[in-house]
Amino acid sequence: MDFSNLNAFEWCSWIPNKCNIFGWRAEMGRIPTASALRKRNIQIADSLCVLCESAEENVDHLFSGCIFASRLWQHISTWCKVPNIFVFSFKDLLDLHNFVGLSGKKKEIFYGLMIIVCWCIWRARNSFKFQNKKARMEGIIGEVKVLGFLWAKSRAKLHNSLDQFKTFTIAESEHPVSE
Ligand SMILES: [Zn+2]
């Protein structure tokens, strides 16, 4: 196994391992997109992105360049009250939390959400490709908010309600440490 890129991916403590592992593999181009399969000489009939059908499917397209992903990121930026998200690569997405003016718990939550969104895009892509279930923008947004809330509640000591989370209201801590 090649561990040379291991340090490039920043593990997020409050999302499940399956999401972190997905993010880590995606960053290395190790998820089975059409482009990745082709590079491994696996014959595939159709290499177009199933979400837009207008470009070859690879990691950077699927999560940043695709019109479906771009519209999803617009929703996420509005929800999290950060500047519009324009990214050109998967790596850009993973770095974004450092450049959107967030700090503390909000920043930590935002970073995890970026990975959850990509994980949900990948699942929607798989459902469409293998079960012919059409990807719905509203469905993915709903899923991101509910999963994000449940995981943040149990693993990031989130003290807010789901309704508050849905407006990205996130309290720093119930018992702030005084300095
Ligand atoms: Zn696309």
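The preceding data block contains the structure.
What comes next is a walk through the structure. Bear in mind the structure is a predicted one, so any value in this text is a computation, not a measurement. Residue positions within a chain follow its written sequence, with the count starting from 1. For a predicted model such as this one, the threshold for reporting local features is a pLDDT of at least 70, and the threshold for listing and counting side-chain atom pairs is 80 or more; totals across whole chains, interfaces and linings nevertheless cover every residue.

### A few points about the overall build of the protein
Part 1: Put simply, DSSP marks the helices as runs of H or I at least four residues long and the strands as runs of E at least two long, and each gets a number from the N terminus on. A tally of helices and strands in the protein yields 8 helices and 0 strands.
Part 2: When its helices and strands are written in sequence order, the protein yields α-α-α-α-α-α-α-α.
Part 3: We compute the radius of gyration over the C-alpha atoms and compare it with the globule rule, which gives 2.2 Å times the number of residues raised to the power 0.38. Its C-alpha atoms give the protein a radius of gyration of 17 Å, near enough to 16 Å, the size a compact globule of 179 residues would have.
Part 4: Put simply, the protein has 179 residues, and 31% of those count as buried.
Part 5: Long-range pairs, those at least 24 residues apart, make up 51% of the contacts in the protein between residues at least 6 apart in sequence. Every C-beta atom is placed from the backbone, and the number of other C-beta atoms within 10 Å of a residue's own sets its class: buried at 20 or more, exposed at 12 or fewer, partly exposed in between. Any pair of residues counts as being in contact when their C-beta atoms, constructed from backbone geometry, are within 7 Å of one another.

### As for unusual backbone geometry
Part 1: Phi at Asn41 is positive, roughly 60 degrees, even though this residue is not glycine.
Part 2: Checked against the element boundaries, Asn41 lands in the loop between α2 (34-39) and α3 (59-65).
Part 3: A positive phi angle, near 55 degrees, is found at Lys81, a position not held by glycine.
Part 4: With respect to the secondary-structure elements, Lys81 resides in the loop between α4 (67-79) and α5 (90-95).

### So, the nonpolar core
Part 1: For our purposes the nonpolar core covers buried Ala, Val, Leu, Ile, Met, Phe, Trp, Tyr and Cys residues that link as a set through C-beta atoms within 7 Å. In this structure, Phe63, Met114, Ile116, Val117, Cys118, Cys120 and Ile121 are the most contacted members of the largest nonpolar core, which totals 39 residues.
Part 2: Elements with a minimum of two residues in this core: α1 (17-27), α3, α4, α5, α6 (104-131) and α7 (137-155).
Part 3: With sequence-adjacent residues up to four places away left out, Ile121 is seen in contact with Leu62, Phe63, Ala69, Leu72 and Ile140.

From the geometry alone we can't say anything about function, so treat these as descriptive.
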